[in-house]
Amino acid sequence: PNKDPLGVVLIVDDVTDIRRLERMRSDFAANVSHELRTPITSIQGYAETLEELGPDDLEKSARFLSIIRRNADRLGVIIEDLLTLASLEGPGQLEDASLDMMSLQHLYVELRDRMKQSATQQGVTLAFEGDEGLQFQSKGNLIVEALSNLVSNAIRYGPDSGCVTVTASRDEDHIRFVVQDEGPGIPERHIPRLFERFYRVDTARSRSAGGTGLGLAIVKHIALAHGGEISVQSEMGVGSTFTLQIPHRTDERPISNDSHIIS
């Protein structure tokens, strides 16, 4: 009988996504290490200097302790953001979370309370527009968290005495939250990567302003957790507009007049 092979079987696997995820994991580990190393190194250095100074030089000791406290606070913010991101990215973490009705009035009161101090410090005016009777569904307080991140960024990177405007609207299918600032704008080349973890347009300014580079990644995952999306439009020298869009269900049951409302 003829024993020559009849053909060849080729098995081809597309490993593009696997390689991309491996690269993202590697980049993430490197970025976390870099972000944590800077404040840790500072804390170690000033702690060693304090040990050498002794108790006599109170003025320098107070200054160094203030620097240590500031860097410890920064570590806390980074770790808190990392934990938030991990909870959003983890499999099944939010799939079973219930959707609760929330009013725009509640959202705006929360944003005012959270952002009032930082806005006052920079002389920024916060404007809130839209029908406060508007209702939408949120998984816990996540929509508040997402918009807090967007407003915080707008205050942090915008000009002093500027204005940050938050607008909410609804059409047949979607609820849209828009955060508009009067900042310097974002160069177009940065926009495709803007929502990546630890990606920064201006690294030095972001760190000096207290940013962790995780806020927009958190916003993106909150949008995805609600079946929505986040987008940005920006013009250099004019400002940026971030739009968080989530589905609006026509069968949503309205909340009572005093539920979820803070007066």
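All of these numbers come straight from a predicted model, not from anything done at the bench.

*Asks:* Can you tell me about the sheet that holds strand β2 (residues 125–129), naming the residues and giving the values?
*Replies:* Within a sheet, each strand pairs with its neighbour through backbone hydrogen bonds, oriented either parallel or antiparallel. Strand order in this open sheet of five strands is β2-β4-β5-β7-β6, and the pairing throughout is mixed. With partners counted over all chains shown, the strands left at the sheet margins are β2 and β6 (229–235), one partner each. When the angles between neighbouring strand axes are averaged without regard to direction, this sheet yields 15°. Of the strands in this sheet, β2, β4 (163–170) and β5 (174–180) are in contact with helix α3 (residues 104–121), which crosses β2 at around 175°.

*Asks:* Would you mind going over the pattern of salt bridges in detail, with residue names and values included?
*Replies:* Enumeration according to the criterion identifies five salt bridges in this entry. Residue Asp73 pairs with Arg69 through a salt bridge whose shortest N-O separation is 3.2 Å. Of the two residues, Asp73 and Arg69 are both situated in helix α2 (residues 58–89); the distance of four residues between them amounts to about one turn of the helix. Residue classification places Arg69 among the exposed residues on the basis of a relative accessible area of 56%.

*Asks:* Break down unusual backbone geometry for me, with residues and values.
*Replies:* At Ser161, a position not held by glycine, the phi torsion is positive, near 65°. With respect to the secondary-structure elements, Ser161 resides in the loop between α4 (142–157) and β4. Phi angles above zero are rare outside glycine, and Phe198 is one such case at about 70°. With respect to the secondary-structure elements, Phe198 resides in the loop between β5 and α5 (203–208).

*Asks:* Please set out helix α6 (residues 215–225) residue by residue, giving values where relevant.
*Replies:* Across the 11 residues that make up α6, a large majority, nine, are buried. Taken residue by residue, α6 has Gly215, Leu216, Ala217, Ile218, Val219, His221, Ile222, Ala223 and Ala225 as its buried positions. The secondary structure elements touched by the buried residues of α6 are α2, β3 (135–139), α4, β6 and β7 (239–247). Positive backbone phi, at 75°, marks Gly227, one or two positions downstream of α6.

About the criteria used
- Residues numbered from 1 in each chain as written.
- Predicted model: local features only at pLDDT ≥ 70, side-chain atom pairs only at ≥ 80, totals over all residues.
- Heavy atoms only, no water.
- Pairing = 2+ DSSP bridges.
- Helix = DSSP H or I, 4+ residues; strand = E, 2+ residues; numbered from the N terminus.
- Axes fitted to C-alpha atoms, helices over the stretch in contact; angles between N-to-C directions.
- Contact = heavy atoms within 4.5 Å.
- Salt bridge = Lys/Arg side-chain N within 4 Å of Asp/Glu carboxyl O.
- Buried < 20%, exposed > 50% of the residue type's maximum accessible area, 1.4 Å probe, protein only.

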